[in-house]
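# Results of the structural survey
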Amino acid sequence: MIPVTKPFLPQMEDFNRYVSSIWERQWLTNNGPLVNELELKLQEYLNIKHLLFVANGTLALQLAIKALGVRGEVITTAFSYVATSSSIAWEGCVPIYVDIDPETFNIDPAKIEAAITGKTKAIVATHTFGNPCDIDAIQAIADKHKLKVIYDAAHCFGTMYKNKSVFAYGDISTASFHATKLFHTIEGGAVFSKDPNLLKILAGMRNFGHNGPETFDKRPGINAKNCEFHAAMGLCNLEHMEEILERRRTLSYHYYKRLKNFKVSFPKLNDNLDYNFAYFPVLFETEELLLLCMKRLEGSKIYCRRYFYPPLSALPYVIKTELPVCEDISRRMLCLPLYHTLNTSDLDLICRILWRVQNYQEPVVINKRKIKIDISNRHINPINGHSFP
Ligand SMILES: *Cc1c(COP(=O)(O)O)cnc(C)c1O
């Protein structure tokens, strides 16, 4: 079986060494030494001044919205994981969707201003698949309209933009260290900000609003802290980051080579970028072709995933919005398997199956309908993503 992703696991001995030290100290959680060590090592690794390790990436988003005092409308993208929208709604704000750019799949800055009203307070944008948004354009709009900017940078560990970690941008950036992410602590996440005052607020909020054993901040807090065991996993995994990033790069280039001239396109990567290859998204020409490929792959026990389908604008608790680009992309986008232990022969098999579908167009049964796809004279999508040097 080849899943779309598998978590990276360090050597068990390495993890056990940390576990033994936890047993010796009997300090399991509440800002323990391993949590501190992880925060310091992450700061060093990412070359970033401050970050707070939190329980997960969803709480990181919620803390960001709360700490910035955002209430009202929040401009966001529907092409993301549900947590991007659910955290906005959970914080009592209204997600307002703006369509995405057809080449980068990130929120389209040219469409943001039209969505701004007197109630707009913030922009929550996802750096989709680890590829940074048009950060300068978004910041210019935010400055002009006095909006806060939060980046859902859940996919971005290891991505550098203009020679800085992409976590350095926005009023607050958030990361997820969930087991499926490139760097993980099993469950976990982080918030990043340059503003010392905001960091203080965030740190208090992370720990029930305590600012001393018997005293509390003026606003309520929540329990968003993380524990020694998760920090131990992070410390183990951090040792392997170069290897993890290198392996993703190698596998991704292998895919590009095997899928050269295959009728799919790839995201257009931002300039000034050192990319982490967090995912391997491919954009098919049609949904039919995507479904056919998925079906064929599943026949060989290879499981891809439709990131992100359906668009978040289809959630039951949000304002329905027409987003032609997002809806179209969402139907045609598939993430192919990509993980540290994926081997190149499996990757070759995946690509061979895809080629077979494209070359032979066999009829298959999808949702009990027989579909025969003629792809003989279809044009290659002009959005042919580019720039993989
Ligand atoms: C994974 C993910 C999250 C949620 O992170 P958790 O740590 O699982 O809570 C949020 N946004 C995006 C875009 C994600 O991919």
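Residues numbered from 1 in each chain as written. Predicted model: local features only at pLDDT ≥ 70, side-chain atom pairs only at ≥ 80, totals over all residues. Heavy atoms only, no water.

## Topic: the nonpolar core
Core analysis: the largest hydrophobic core is formed by 106 residues, its most contacted members being Leu259 and Phe284. One finds Leu52, Leu61, Val191 and Leu198 within the second-largest nonpolar core, a separate group that totals 26 residues. (Core = buried A, V, L, I, M, F, W, Y, C linked by side-chain atoms within 4.5 Å. Buried < 20%, exposed > 50% of the residue type's maximum accessible area, 1.4 Å probe, protein only.)

## Digging into the packing of helix α1 (residues 12-25) against helix α2 (residues 33-46)
A packed helix pair is summarised by two numbers, namely the angle formed by the two axes and the spacing between the axes. One can describe the packing of α1 onto α2 by two numbers: an axis separation of 11 Å at closest approach and a directional angle of 135°. On the basis of their axis angle, the class for α1 and α2 is oblique. Two secondary-structure elements touch here, α1 through Tyr18, Ser21, Ile22 and Arg25 and α2 through Pro33, Leu34 and Glu37. Residue classes in the contact of α1 with α2 are distributed as 4 nonpolar, 1 polar and 2 charged. (Axes fitted to C-alpha atoms, helices over the stretch in contact; angles between N-to-C directions. Helix = DSSP H or I, 4+ residues; strand = E, 2+ residues; numbered from the N terminus. Parallel < 35°, antiparallel > 145°, perpendicular 65-115°, else oblique. Contact = heavy atoms within 4.5 Å. Nonpolar A, V, L, I, M, F, W, Y, C, P; charged D, E, K, R; others polar.)

## Re the sheet that holds strand β4 (residues 120-126)
On the basis of which strands lie adjacent, the open sheet formed by 7 strands has the order β1-β9-β8-β5-β4-β2-β3 and mixed pairing. Edge strands, defined here as strands with exactly one partner in the open sheet, are β1 (52-54) and β3 (94-97). Mean inter-strand twist for the sheet, computed between neighbouring axes without regard to direction, equals 25°. Where β4 lies against strand β5 (residues 148-152), 5 bridges are found, and the strand directions are parallel. Residue Thr126 lies in a different strand from β5, and its bridge partner there is Asp152. Across the face of the sheet, helix α3 (residues 57-67) comes into contact with β1, β4, β5, β8 (172-176) and β9 (189-192) while running at roughly 165° to β8. Lying over the sheet, helix α6 (residues 196-206) contacts β1, β8 and β9, oriented at roughly 30° with respect to β1. (Pairing = 2+ DSSP bridges.)

## Details of the sheet that holds strand β6 (residues 160-161)
Pairing is antiparallel in the open sheet, where 3 strands are placed in the order β7-β6-β11. Looking along the sheet, the strands with just one partner apiece sit at the ends: β7 (164-165) and β11 (273-274). Relative to β7, β6 runs antiparallel, the two sharing 2 bridges. The residue of β7 that forms the bridge with Tyr161 is Lys164.

## Observations regarding the domain arrangement of the protein
Taken domain by domain, the protein consists of domain 1 (12-238) and domain 2 (241-371). Averaged C-alpha coordinates put domain 1 and domain 2 at centres separated by 26 Å. Contacts between the two partners involve 44 residues from domain 1 and, on the opposite side, 38 residues from domain 2. For the pairing of domain 1 and domain 2, the buried interface totals around 3300 Å² over both sides, and the portion due to carbon and sulfur atoms is 68%. When the buried area of domain 1 at its contact with domain 2 is split by residue, Tyr97, Phe129 and Leu182 rank highest and sum to 23% of it. Linking domain 1 with domain 2 are 0 salt bridges. Across the domain 1-domain 2 interface, the total number found is 17 residue pairs in polar contact (both at pLDDT 80 or more). (Domains from an automatic or database assignment. Buried area = accessible area lost by both parts, 1.4 Å probe. Salt bridge = Lys/Arg side-chain N within 4 Å of Asp/Glu carboxyl O. Polar contact = N/O pair within 3.5 Å; in protein donor to acceptor, adjacent residues only side chain to side chain.)

## Things to note about the side chain of Lys225
Along the polypeptide, Lys225 turns up in the loop between α6 and α7 (228-238). The buried charged residue Lys225 lacks any salt bridge partner; its closest oppositely charged side chain belongs to Glu228, at an N-O distance of 11 Å. Within the structure, Lys225 has its side chain in polar contact with the side chain of Asn30 (distance 3.1 Å). A distance of 3.4 Å separates polar atoms of two side chains, one belonging to Lys225 and the other to Asn223. (Lys, Arg positive; Asp, Glu negative; His and termini not counted.)

## What to know about α2
The terminal C-alpha atoms of α2, which comprises 14 residues, lie 20 Å apart, in line with the 20 Å expected from a rise of 1.5 Å per residue. Listing the buried residues of α2 in full gives Leu34, Val35, Leu38, Glu39, Leu42, Gln43 and Leu46. Considering only its buried residues, α2 is in contact with α1, β1, β7, β9, α6 and α7. (Expected span 1.5 Å × (residues − 1).)

## Observations concerning the site of the ligand
In the vicinity of the ligand there are 15 residues, among which Gly57, Thr58, Asp152, Ser176 and Lys181 approach most closely. A distance of 2.7 Å separates an oxygen atom of the ligand from a polar atom in the side chain of His155. For the ligand, an oxygen atom lies 3.2 Å from a polar atom in the side chain of Lys181. The fraction of the free accessible surface of the ligand (380 Å²) that becomes covered by protein chains is 91%. (Near = heavy atom within 4 Å. Areas by Shrake-Rupley, 256 points an atom, 1.4 Å probe, with all protein chains shown as cover.)

## What about the pairing of β9?
Burial along β9 is two-sided: the face carrying Gly189 and Val191 and the face carrying Ala190 and Phe192 are both buried. Sheet analysis places β1 next to β9, joined by 3 bridges and oriented antiparallel. When the bridges of β9 are listed, Val54 appears paired with Gly189. Relative to β9, β8 runs antiparallel, the two sharing 4 bridges. If you follow Ala175 over to β9, its bridge partner there is Ala190.

## Observations regarding the packing of aromatic side chains
Going through the model one piece at a time under the given rule, you end up with 24 aromatic pairs. Summarising the aromatic geometry, the rings of Phe157 and Phe183 are spaced 4.5 Å apart at their centres and angled 20° between planes, so their arrangement reads as stacked. With Phe157 in the loop between β5 and β6 and Phe183 in the loop between β8 and β9, this pair connects stretches of sequence that are 26 residues apart. Accessibility assignment for this pair places Phe157 and Phe183 in one class, buried. Between Tyr279 and Tyr307 the ring centres are 5.7 Å apart and the planes differ by 80°, which places this aromatic pair in the edge-to-face class. Here Tyr279 is found in the loop between β11 and β12 (280-284), whereas its partner Tyr307 is found in the loop between α9 (287-299) and α10 (324-332), with 28 residues between them in sequence. No difference in accessibility class separates Tyr279 from Tyr307, as the two residues are buried. (Phe/Tyr/Trp six-rings, centres within 6.5 Å; stacked < 30°, edge-to-face > 60°.)

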